[in-house]
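Structural overview for review
The residues making up each chain are set out below.
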Amino acid sequence: MVPKQIFCLVFGIPKGDYGIGTQCECLELLQGVEYDVRDEDKIIWKGSKTGDFSMKNTFKVLTGEVIEIGWTRLVWFKHNIPRHSFISWLACRRRLKTKAKLLRWGIVESAGCVLCENGIEDEEHLFLNCTYSKEIWQGLLIKMGVSRDISTSWDDELLWCQNNFLGEGAVTTVKNLCLNSFIYHVWMERNNIIFSSKKMASAGVSHLISMDVRLKCLASKLTDKDKLPIRRFMEVWGIGYTYKTERIVECSWLYPAEDEVMVNIDGSRKDNSGGSGAIIRNHTGETIVAACGGSAPATIMAHELQGVEVGMKLAITKGCRRIHICTDSMGVYKLLSGESTAAWSVLHIWRRIQHLIKEFSFIRYSHVYRETNRAADRLTSEHPSDNFVIIDITSFDREMLSILEEDRAGKKYLRK
């Protein structure tokens, strides 16, 4: 990585001392920078992961990272009802024109709740403390199989929903629809009383909410796990769904072709250091060589790519020119197979790998499950002080020898 101070030579020397001392400091920094004369210079836009300029990334840099609000997934989800979600969005942001706000603005003379005729109409009262809406929400919670005391704070109730309406299946969809429909219909009932002088019983509003949830779910293709609690939940709501059976995948260590060697690589990161590792085995599963490396902590992608670099260097030292590289990182696999481009933060490692690739007559890449990459994973935990350390395979500990023997025996792993 190029030290940040070096950028003064490209983008102008920072404010301060422009004398000989500053120039000498920059020259000293340049002497410690690793570079390859075969690589072309590249302008990098640091606000983008790829290093390419874009208006979207520039906007993010100028405005700062957007802090994700937890309740957004309660409001905006795959099978939402748009008009319900819009009113819920306003309610969660406290942007509904409640009578408490209208009174402060001098638009109305009274802020009394029209639903229960007892209390000041704000978000807390309208959706939680009002006896009319509280009865509706309490009934919906019971229908969802929840028995609890409702919070008196709107923010606390939303937080409870965030923590309990988790997942992506049919049950979570029903719960989210129920919350949004509750907010929508309570607000609509409030408006009907004010503007049309019509009031419906709380049981009628509960029925409308249940019907909206049920009709939306029947019009959507919902899927969830085939489990008894989920079946019972959906039966209470009178909603059918597609049972999703868990697919169990059987996997084992991948043997290379007879004229190739298998290079398993991996990378890991700790608070104070980073690690990489690689192990090379032949078509019979016999270990040829292994190595690991250490560095300052960086991104996981950087340490995974360092593992690729270690593996390629190992293969070259042993004269292996036909290799099969296996990684359990989908990001690394896509980069190696040309399906993605390198982020500028790992570009220096990627360029070194590209030069190493030219040393081989044949390379192929595979993405494997982590269970079948345990040997490389074990090596990455070493985190040595040097960036490339060849390990004496006769010094492997009992755990490593057990992993290698199980891989060689074709041990089967089950993944859901």
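Please read all numbers here as calculations on a predicted model, not as lab measurements.

Okay, helix α10 (residues 170-196) next. Given a rise of 1.5 Å per residue, 27 residues ought to cover 39 Å, and the 37 Å separating the end C-alpha atoms of α10 matches this to within 8%. The element α10 is largely enclosed, with a buried count of 22 among its 27 residues. Positive phi appears at S197, one or two residues downstream of α10, with a value of about 55 degrees.

Ordered in space as β8-β7-β4-β5-β6-β9, the six strands form an open sheet in which the pairing is mixed. Single-partner strands in this sheet number two, and they are β8 (362-367) and β9 (389-391). Neighbouring strand axes in the sheet, compared pairwise and without regard to direction, differ in orientation by 20 degrees on average. Sheet topology places strand β4 (residues 261-269) next to strand β7 (residues 322-327); four bridges connect them, and they run parallel. Each bridged residue has a counterpart across the sheet, and for V261 the counterpart in β7 is I323.

What follows deals with the packing of aromatic side chains. A full pass over the atoms with the stated rule returns eight aromatic pairs. Geometrically, the ring pair formed by Y241 and Y243 is edge-to-face, given 4.8 Å between the ring centres and 90 degrees between the ring planes. The structure contains a cluster of three or more aromatic residues connected by ring pairs, namely F127, W137, W154 and F182. Sitting over the face of the ring of F388, K313 holds its NZ or CZ atom 5.9 Å from the ring centroid. Over the face of the ring belonging to F362 we find R322, whose NZ or CZ atom lies 4.4 Å from the ring centre.

What follows is about the pairing of strand β6 (residues 287-295). When you tally the buried positions in β6, you get seven out of nine residues, the bulk of the element. For strand β5 (residues 274-281) and β6, the ladder comprises eight bridges, and the chain directions are antiparallel. When the bridges of β6 are listed, G274 appears paired with S295.

A few words now on the nonpolar core. Counting 54 residues, the largest nonpolar core has F127, W137, F182, V213, M234 and W237 as the members making the most contacts within it. At the level of elements, α4 (72-75), α5 (82-92), α7 (123-129), α8 (131-143), α9 (154-164), α10, α11 (202-218) and α12 (228-237) are the ones that each hand at least two residues to this core. Considering every element that reaches this core, the biggest residue donor is α10, with twelve residues. When neighbours within four sequence positions are excluded, V213 is seen to be in contact with V174, L177, C178, S181, W237 and I239.

In this structure, S210 sits in helix α11. Those residues in contact with S210 that lie beyond four places of it in its chain are L140, K143 and W237.

Here is what the cut-offs are and how they apply
Residues numbered from 1 in each chain as written. Predicted model: local features only at pLDDT ≥ 70, side-chain atom pairs only at ≥ 80, totals over all residues. Heavy atoms only, no water. Helix = DSSP H or I, 4+ residues; strand = E, 2+ residues; numbered from the N terminus. Expected span 1.5 Å × (residues − 1). Buried < 20%, exposed > 50% of the residue type's maximum accessible area, 1.4 Å probe, protein only. Pairing = 2+ DSSP bridges. Axes fitted to C-alpha atoms, helices over the stretch in contact; angles between N-to-C directions. Phe/Tyr/Trp six-rings, centres within 6.5 Å; stacked < 30°, edge-to-face > 60°. Lys NZ or Arg CZ within 6 Å of the ring centre and 35° of its normal. Core = buried A, V, L, I, M, F, W, Y, C linked by side-chain atoms within 4.5 Å. Contact = heavy atoms within 4.5 Å.

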